[in-house]
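This is what each chain is made of:
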Amino acid sequence: ALVRHLKENQEPWPIRKKVLLNIIQNDNYDYYSCSDPMKDLSEVLCNTKEEYLEKADIMMKNRGKEYQKQAAKIYYEYGKDEEYVSYLKRNLERSADTYVELMEYYDSHNCKKEAIEIANEALDKCRDLKTTEVFIFLIKEAYKKGDKTEAGKLYRRAKQRKNVSISEIDNGIKAVKNQLI
């Protein structure tokens, strides 16, 4: 009922901000087993770019990783790339997920050198299934540069890893070879 009310009526931002702050500070009232309605409510409290960015600031100050991850997505969505990249760099872990996200960000913003550096760091520190995407990226970049030796080394290195999908890498190699022809 409250979600519907907020969608249909415009309450002043200071009131909505207090509600949002309370929800975030109390971790969606998870300890009362009502986190889903609180998440729904927090989704309709912001209407403008400025309000969403304030929400992201509040979420980033919270210690919860999930809130910080959501805040980073809001920053990215509203053009605050510095905050987004800063979050990713602070949260590089042994899982390749964050490395892949940062690698893709740099690649999409034509920062190839940074993307390749992050990809190589991911290969050094991560051993999960997502490293398949990292190998595909690095092999494609090697082929684009015409460095078949480096591509071959990366392919052999990928074959030595248990959690890497060689069939996905083969498909990636075929796609890049078709593009280069």
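Residues numbered from 1 in each chain as written. Predicted model: local features only at pLDDT ≥ 70, side-chain atom pairs only at ≥ 80, totals over all residues. Heavy atoms only, no water.

Engineer: When you look at the overall build of the chain in this model, what are you seeing that I'm missing?
Structural biologist: Counting its regular elements, the chain contains 11 helices and 0 strands. Helices and strands in the chain line up, N terminus first, as α-α-α-α-α-α-α-α-α-α-α. Relative to its length of 181 residues, the chain is extended, with a C-alpha radius of gyration of 21 Å against a globular reference of 16 Å. Projecting the C-alpha coordinates of the chain onto the three principal axes gives extents of approximately 60 × 30 × 25 Å. Within the chain, buried positions represent 39% of all 181 residues. Considering only contacts in the chain between residues 6 or more positions apart, those separated by 24 or more positions represent 50%. As displayed, the chain has an accessible area near 11200 Å², and 48% of this comes from carbon and sulfur atoms. (Helix = DSSP H or I, 4+ residues; strand = E, 2+ residues; numbered from the N terminus. Rg over C-alpha atoms; globule rule 2.2 N^0.38 Å. Buried < 20%, exposed > 50% of the residue type's maximum accessible area, 1.4 Å probe, protein only. Contact = heavy atoms within 4.5 Å. Areas by Shrake-Rupley, 256 points an atom, 1.4 Å probe, with all protein chains shown as cover.)

Engineer: What is the right way to read the nonpolar core from this model?
Structural biologist: Note on soluble globular proteins: their nonpolar side chains tend to be buried together. The biggest cluster of nonpolar side chains holds 53 residues, and the ones touching the most others in it are L138 and I169. If you tally residues by element for this core, the top one is helix α9 (residues 131-145), at 8 residues. The contact partners of L138, leaving out residues within four places of it in the chain, are I116, A119, N120, L123 and L154. (Core = buried A, V, L, I, M, F, W, Y, C linked by side-chain atoms within 4.5 Å.)

Engineer: What's the story with the pattern of salt bridges in this structure? I'm lost.
Structural biologist: Any two side chains of opposite charge can pair, so long as their charged atoms come close to each other. Counted by the stated rule, this structure contains 12 salt bridges. With its nearest N and O atoms 3.0 Å apart, the salt bridge here joins K130 to E133. Owing to a relative accessible area of 30%, K130 belongs among the partly exposed residues under this scheme. The exposure class assigned to E133 is partly exposed, which follows from its relative accessible area of 29%. (Salt bridge = Lys/Arg side-chain N within 4 Å of Asp/Glu carboxyl O.)

Engineer: Could you clarify how one ought to interpret the environment of E82 in this entry?
Structural biologist: Examined against the element boundaries, E82 turns out to sit in helix α6 (residues 81-90). Residue classification places E82 among the exposed residues on the basis of a relative accessible area of 72%.

Engineer: Would you mind showing me how to read helix α10 (residues 148-159) here?
Structural biologist: Residues lying three or four places apart along an α-helix face the same way, a consequence of the helix completing one turn every 3.6 residues. Taking 1.5 Å per residue, 12 residues should reach 16 Å; α10 reaches 16 Å between its end C-alpha atoms and fits that length. The set of residues buried in α10 consists of A151, G152, L154 and A158. Angular distribution of buried residues about the axis of α10 spans 165 degrees; they occupy a single face of the element. For α10, the elements touching its buried residues are α8 (112-125), α9 and α11 (166-180). (Expected span 1.5 Å × (residues − 1). Arc of directions from axis to C-beta.)

Engineer: Would you mind going over the side chain of E51 with me for this structure?
Structural biologist: Position of E51 among the secondary structure elements: in helix α4 (residues 49-61). The exposure class of E51 is buried, given its relative accessible area of 8%. Side chain to side chain, E51 and R16 meet in a polar contact 2.9 Å long. Among residues more than four places away in sequence, those in contact with E51 are W13, R16, L45 and C46. (Polar contact = N/O pair within 3.5 Å; in protein donor to acceptor, adjacent residues only side chain to side chain.)

Engineer: So what exactly am I meant to see when it comes to the packing of aromatic side chains here?
Structural biologist: Given two aromatic rings, their pairing is described by the distance between the two centres and the angle made by the two planes. Enumeration according to the criterion identifies 5 aromatic pairs in this entry. Taking the centre distance of 5.9 Å and the plane angle of 75 degrees together, the rings of Y76 and Y105 count as edge-to-face. Pair noted here: Y76 is in helix α5 (residues 65-77) and Y105 is in helix α7 (residues 96-108), with a separation of 29 residues, a long-range link. Residue class for Y105 comes out buried when judged on its relative accessible area of 10%. Here the aromatic cluster, defined as three or more aromatic residues joined through ring pairs, consists of Y76, Y84, Y105 and Y106. (Phe/Tyr/Trp six-rings, centres within 6.5 Å; stacked < 30°, edge-to-face > 60°.)

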